[in-house]
Amino acid sequence: VMKSSIYTRTGDGGESGLYNGERRRKTDDIFEALGHQDELNAVLGIAKEHCLASGNGLSEMIVEIQCRVFDLGACVATPPTSSSTKKQYTNFPASHTTQLESWIDELDASLPPLRNFIIPSGGLSSTHLNLARTVCRRAERSVVRLMEVHAVDAEVARYLNRLSDFLFVAGRAAAMREGKEEVIWRKHESAVGTSST
């Protein structure tokens, strides 16, 4: 039986390679960021399947976003010390962020005004889009750390920031299109005039 190309054994010592061939420890902040992005894409895949099953019309947007998150990872994996050819190949243009903003505007225009905080709810599509939003926030925080030391293009952080906004709005849109109720946050009402004794 021929050896599968899936495993290489090159990472068994705790190192992995970047797109430019540079080897770094797997605990490096770049691999931490890439791991969060990988998790984000996996959760987006689950959300997309729920959107597809419900027919809420959001699945094509999510597939497009999954592809862009993959591109975003390639950009993160290409440090500034890489050759100009490699940096040009993995460049992450601002047009991706602009596309998200356009989708946010389109979806938000169809939603009722938000007058209260809402908690993740509104069906499987909506709740999984909200789960993706929280992973996206974590992915953004890890990229900001890299951005602060000039290890990644600031556009990557902008895209993730906007993506979390998109996922919030998309979650609301999914609930509305599927006829599911969003649950409003309610502040705990403490008993008034009662004694603890």
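Rules behind the numbers
Residues numbered from 1 in each chain as written. Predicted model: local features only at pLDDT ≥ 70, side-chain atom pairs only at ≥ 80, totals over all residues. Heavy atoms only, no water. Helix = DSSP H or I, 4+ residues; strand = E, 2+ residues; numbered from the N terminus. Buried < 20%, exposed > 50% of the residue type's maximum accessible area, 1.4 Å probe, protein only. 1 Å grid on protein atoms, 1.4 Å probe; cavity = no way out; pocket = protein on both sides within 12 Å on 5 of 7 lines; lining within 4 Å. Points joined across faces, edges and corners; volume = space filled by probe spheres on them. Nonpolar A, V, L, I, M, F, W, Y, C, P; charged D, E, K, R; others polar. Axes fitted to C-alpha atoms, helices over the stretch in contact; angles between N-to-C directions. Parallel < 35°, antiparallel > 145°, perpendicular 65-115°, else oblique. Core = buried A, V, L, I, M, F, W, Y, C linked by side-chain atoms within 4.5 Å. Contact = heavy atoms within 4.5 Å. Salt bridge = Lys/Arg side-chain N within 4 Å of Asp/Glu carboxyl O. pLDDT = per-residue confidence, 0-100. Patch = residues over 30% accessible without salt bridge, like charges linked within 9 Å, V, L, I, M, F, W, Y side chains within 5 Å. Areas by Shrake-Rupley, 256 points an atom, 1.4 Å probe, with all protein chains shown as cover.

If you trace the backbone, Asn 116 turns up in the loop between helix H4 (95-108) and strand E3 (118-119). Asn 116 sits in the partly exposed class, given a relative accessible area of 45%. Taking the C-alpha atoms as reference points, Asn 116 and Ile 184, separated by 68 residues in sequence, lie 6.6 Å from one another.

Another point: the layout of surface pockets. In this model, the largest pocket occupies a volume close to 380 Å³. The wall of the largest pocket is formed by 14 residues, among which Leu 34, Phe 70, Gly 73, Ala 74 and Ala 77 lie closest to the centre. Listing elements by their share of the lining of the largest pocket, those giving two or more residues are helix H1 (29-54) and helix H2 (59-76). Grouping the constituent residues of the lining of the largest pocket by class yields 8 nonpolar, 5 polar and 1 charged.

This paragraph deals with the packing of helix H5 (residues 124-148) against helix H6 (residues 154-177). In contact at an axis separation of 8 Å, H5 and H6 are set at 170° when each is read in the N-to-C sense. Classified by the angle their axes make, H5 and H6 are roughly antiparallel. When grouped by side-chain class, the residues that make up the contact of H5 with H6 number 17 nonpolar, 6 polar and 5 charged.

What follows is about the nonpolar core. Among the nonpolar cores identified, the biggest contains 45 residues, and Leu 40, Ile 65, Val 76, Leu 129, Leu 160, Leu 163 and Phe 166 are the most heavily contacted of them. Elements with a minimum of two residues in this core: H1, H2, H4, H5 and H6. Considering each element in turn, this core owes the most residues, 11 residues, to H6. Filtering out sequence-adjacent residues up to four positions away, Leu 40 remains in contact with Val 69, Ala 132, Val 135, Cys 136, Leu 160 and Leu 163.

In this section: the pattern of salt bridges. According to the stated counting rule, one finds 12 salt bridges in the structure shown. For Asp 71, the salt bridge goes to Arg 68, with nearest N and O atoms at 2.8 Å. Here the residue Asp 71 and the residue Arg 68 both occupy positions in helix H2, the gap between them amounting to 3 residues, near one helical turn. Among the ionic pairs, Arg 158 bridges to Glu 155, the shortest N-O distance being 2.9 Å. Of the two residues, Arg 158 and Glu 155 are both situated in helix H6; the distance of 3 residues between them amounts to about one turn of the helix. Using a relative accessible area of 7% as the deciding quantity, one classes Glu 155 as buried. Because the salt bridges share partners, they merge into one network encompassing Glu 22, Arg 24 and Asp 28.

Turning our eyes to something else, we now look at the confidence of the model for the protein. When pLDDT is averaged across the protein, the result is 92; 96% of the residues are at 70 or more. At the low end of the mean pLDDT range in the protein sits strand E1 (residues 15-17), at 84; at the high end sits H4, at 98.

A surface patch of nonpolar side chains, about 410 Å² in accessible area, is lined by Phe 117, Ile 119, Val 183 and Trp 185. Of note, Trp 185 is situated in the segment after strand E4 (183-184).

Right, let's get into unusual backbone geometry. The phi torsion at His 150 lies on the positive side, around 60°, for a residue other than glycine. Within the fold, His 150 resides in the loop between H5 and H6. Note on His 150: relative accessible area 67%, which makes it exposed.

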